[in-house]
Amino acid sequence: IQWDGYPGGLYGDDNLGKLVAARAEYTYGTASTYRTFGQVDSPTIGVGGDVYLDSDIATSTLGYGGDVIVRASGLTLLAEFRMAELSPTNDDIDDPAVLSDTSRMGYLGQVGYSISDVEVAVRYSTFDDNRDQDDVGDVSEVTTGVTWHGMDDKVRVGLKRRGVL
């Protein structure tokens, strides 16, 4: 088994190119910013941004994005944005993932409220797999749900309802 997963490693992919990624984060407050549920004593904010360059044999991808989470009392607001620019590079060796320069975009917003160990949330998300073409592979959805977080989130039981727009 090789680390990059070719031809079938445990923790990799079949991409023989190089991947370079970076992320920066800022947090404010004493509560966990990576937890979307529960009560907090004082406001907590987390802001992050990232960028990556994936140079596969036949396709180059430059992606970037950002996210923010705000928690106050039992309320949680979450937003995330992602962009990716894909370009075919060399089709002599392998088939590129795209045939021309392609711009992709996705984002989501979520509002949740927790009472004790129970969280109620609503999320809207959308993804456009080619911003130059209208309604080809575009998808949006609204998800509502309720989740019980037991044993300090080691056990979760939930119900959700998803609607594709």
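Note: the structure precedes this text.
Residues numbered from 1 in each chain as written. Predicted model: local features only at pLDDT ≥ 70, side-chain atom pairs only at ≥ 80, totals over all residues. Heavy atoms only, no water.

Chemist: Provide a residue-level description of the environment of Thr36, including the pertinent values.
Modeler: Mapped onto the elements, Thr36 comes out in the loop between β1 (18–28) and β2 (44–55). Overall, Thr36 belongs to the partly exposed group, its relative accessible area being 25%. Separated by 83 residues in the primary sequence, Thr36 and Glu119 place their C-alpha atoms 8.6 Å from one another. Apart from the residues within four sequence positions on either side, Thr36 is in contact with Ile69, Thr76, Gln110 and Glu119. Within the structure, the side chain of Thr36 is placed 3.4 Å from the side chain of Glu119, a separation counted as a polar contact. (Helix = DSSP H or I, 4+ residues; strand = E, 2+ residues; numbered from the N terminus. Buried < 20%, exposed > 50% of the residue type's maximum accessible area, 1.4 Å probe, protein only. Contact = heavy atoms within 4.5 Å. Polar contact = N/O pair within 3.5 Å; in protein donor to acceptor, adjacent residues only side chain to side chain.)

Chemist: Break down the pattern of salt bridges for me, with residues and values.
Modeler: Under the counting rule described, the total for this entry stands at 9 salt bridges. Its salt-bridge partner being Asp152, residue Arg35 comes within 3.2 Å of it at the nearest N-O pair. Of this pair, Arg35 sits in the loop between β1 and β2 while Asp152 sits in the loop between β7 (139–150) and β8 (155–164), and the two are 117 residues apart along the sequence. Overall, Arg35 belongs to the partly exposed group, its relative accessible area being 30%. According to the relative accessible area criterion, Asp152 is exposed, its value standing at 56%. A salt bridge links Arg82 to Glu80, with the nearest nitrogen and oxygen atoms 3.1 Å apart. Exposure remark for Arg82: the relative accessible area of 28% places this residue in the partly exposed category. Under the relative-accessibility criterion, Glu80 is labelled partly exposed at 27%. Salt bridges here are not isolated pairs; linked through shared partners, they connect Arg23, Glu25, Asp50, Asp67, Glu80 and Arg82. (Salt bridge = Lys/Arg side-chain N within 4 Å of Asp/Glu carboxyl O.)

Chemist: Give me the lowdown on the environment of Ile115, citing residues and values where you can.
Modeler: Among the structural elements, Ile115 can be located in strand β5 (residues 102–115). Judged by relative accessible area, which is 59%, Ile115 ranks as exposed. When the C-alpha atoms of Ile115 and Gly74 are compared, they prove to be 6.6 Å apart, with 41 residues separating the residues in sequence.

Just geometry here; none of it tells us what the structure is for.
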